[in-house]
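# A closer look at the structure
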Amino acid sequence: MKVDKILIATTNKGKLKEFKHLFKDTGITILSLDDMNEKIEVVEDRETFLENAIKKATEYAKFYNLPVIAEDAGLEIEALGGFPGVYSARFFSFKEFGGEEPVQDSIDRANILKVLRLMANEKNRKARFVSNVVFYVPEETGIWTEGYLYGEIVDKPVGEGGFGYDPIFKPEGYQKTLAQLSPEEKNRISHRGKAVKKLINILEKILQWKN
Ligand code: IMP
């Protein structure tokens, strides 16, 4: 199988930057949904990260007839029974867990404020990020990898880097939040970094790299 282009099924600039960085030594051209002229919408309405990632990978790959990598990721907080989980992107809008959080400056900020409100008097701060990555080539193959990053929720946002819940997540063994790490360091330890590296290791064996 020869693959020289992969479409990353995302419009999230933070995620795309992380993917480009992870694939930088492979010679593969990385495209995103923003590079596609014709747009289709794939709704992430499944109940697990894996099902959402498979849905996105297969629907985009069939529509654009390109190899696709789709990822679904989120934050699981032990004291909240694993929430926000697959609902991480829109947790702010949940009626449950004490009602909707108004969006003032950004959705990321509203999600963070909701989590901090729920965790205000909570002693158990344990949490983990989960990433499920699916690579799909129409009529050829599908591969699934998974990565975790364990850590804890801090009591106020710190740091300017990354995206999403990074300013309130302190990885195990670190005295900084994910938002205070360099992009290289985040990629080295992150859920997505681990899942994508596993995928790259498999692809190296089954694809002929361009260079
Ligand atoms: P999705 O995989 O694009 O649906 O992402 C779900 C949500 O999980 C994002 O909007 C973020 O809020 C959160 N998330 C996923 N990965 C990360 C990460 O690496 N750092 C911080 N938040 C993340």
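Parameters at a glance
- Residues numbered from 1 in each chain as written.
- Predicted model: local features only at pLDDT ≥ 70, side-chain atom pairs only at ≥ 80, totals over all residues.
- Heavy atoms only, no water.
- Salt bridge = Lys/Arg side-chain N within 4 Å of Asp/Glu carboxyl O.
- Helix = DSSP H or I, 4+ residues; strand = E, 2+ residues; numbered from the N terminus.
- Buried < 20%, exposed > 50% of the residue type's maximum accessible area, 1.4 Å probe, protein only.
- Patch = residues over 30% accessible without salt bridge, like charges linked within 9 Å, V, L, I, M, F, W, Y side chains within 5 Å.
- Areas by Shrake-Rupley, 256 points an atom, 1.4 Å probe, with all protein chains shown as cover.
- Core = buried A, V, L, I, M, F, W, Y, C linked by side-chain atoms within 4.5 Å.
- Contact = heavy atoms within 4.5 Å.
- Expected span 1.5 Å × (residues − 1).
- pLDDT = per-residue confidence, 0-100.
- Pairing = 2+ DSSP bridges.
- Axes fitted to C-alpha atoms, helices over the stretch in contact; angles between N-to-C directions.

### Considerations on the pattern of salt bridges
Overall, the coordinates contain 15 salt bridges when judged by the stated rule. For the salt bridge of Glu 101 with Arg 117, the shortest nitrogen-to-oxygen distance reads 2.8 Å. On the criterion of sequence distance, the pair formed by Glu 101 in the loop between β3 (68–77) and α3 (107–118) and Arg 117 in helix α3 is long-range, its members being 16 residues apart. Classification of Arg 117 by relative accessible area gives partly exposed; the value is 35%. Between Lys 170 and Glu 152 there is a salt bridge, and its shortest N-O distance comes to 3.6 Å. Of the two residues, Lys 170 sits in strand β6 (residues 169–171) while Glu 152 sits in strand β5 (residues 141–153), which places them 18 residues apart along the sequence. The class for Lys 170 is buried, based on a relative accessible area of 19%. A cluster of three or more residues bridged by salt bridges with shared partners is formed by Lys 15, Glu 18, Glu 71, Asp 166, Lys 186 and Arg 192.

### As for a nonpolar patch on the surface
On the surface, Met 1, Ile 202 and Ile 206 cluster together to form a nonpolar patch covering roughly 220 Å² of accessible area. Within the secondary structure layout, Met 1 lies in the segment before β1 (5–8).

### Concerning unusual backbone geometry
A cis amide bond links Phe 83 to the next residue, Pro 84, at an omega of 0°. For Glu 139, which is not glycine, the phi dihedral falls at a positive 60°. As for its placement among the helices and strands, Glu 139 is situated in the loop between β4 (126–137) and β5. Here Glu 139 falls in the exposed class, since its relative accessible area comes to 80%.

### Description of the nonpolar core
In terms of nonpolar packing, the biggest core is built from 21 residues, with Leu 75, Ile 77, Val 115, Ile 153, Tyr 165, Ile 168 and Phe 169 touching the most fellow members. Looking at this core, the elements that each hand over two or more residues are β3, α3, β4 and β5. Considering every element that reaches this core, the biggest residue donor is α3, with three residues. Filtering out sequence-adjacent residues up to four positions away, Phe 169 remains in contact with Leu 75, Ala 127, Arg 128, Phe 129, Leu 149, Tyr 150, Gly 151, Glu 152, Ile 153, Lys 176, Thr 177 and Leu 178. The next biggest cluster of nonpolar side chains, apart from the first, holds 20 residues, and it includes Ile 69, Phe 135, Ile 143 and Leu 199.

### Re helix α5 (residues 191–206)
Here α5 contains 16 residues, and its C-alpha end-to-end distance of 23 Å stays within 8% of the 22 Å for a straight helix at 1.5 Å per residue. For α5, the complete set of buried residues consists of His 191, Arg 192, Gly 193, Ala 195, Val 196, Leu 199, Ile 200 and Leu 203. Each element contacted by the buried residues of α5 is listed here: β1, α1 (13–22), β3, β4, β5 and α4 (183–189).

### Describing the confidence of the model for the chain
On average, residues of the chain score 94 in pLDDT, and 98% of them are at 70 or above. The element-level mean pLDDT for the chain is lowest in α1, coming to 87, with β6 highest at 98.

### Topic: the sheet that holds strand β2 (residues 29–32)
Strands sit in the order β2-β1-β3-β4-β5-β6 across an open sheet of six strands; the sheet is mixed. Of all strands in the sheet, those with a lone pairing partner are β2 and β6, marking the two edges. Strand-to-strand twist in this sheet, taken as the mean axis angle between neighbours without regard to direction, amounts to 35°. On top of the sheet, helix α2 (residues 49–64) reaches β1, β3, β4 and β5; it is set at about 160° to β3, its chief contact.

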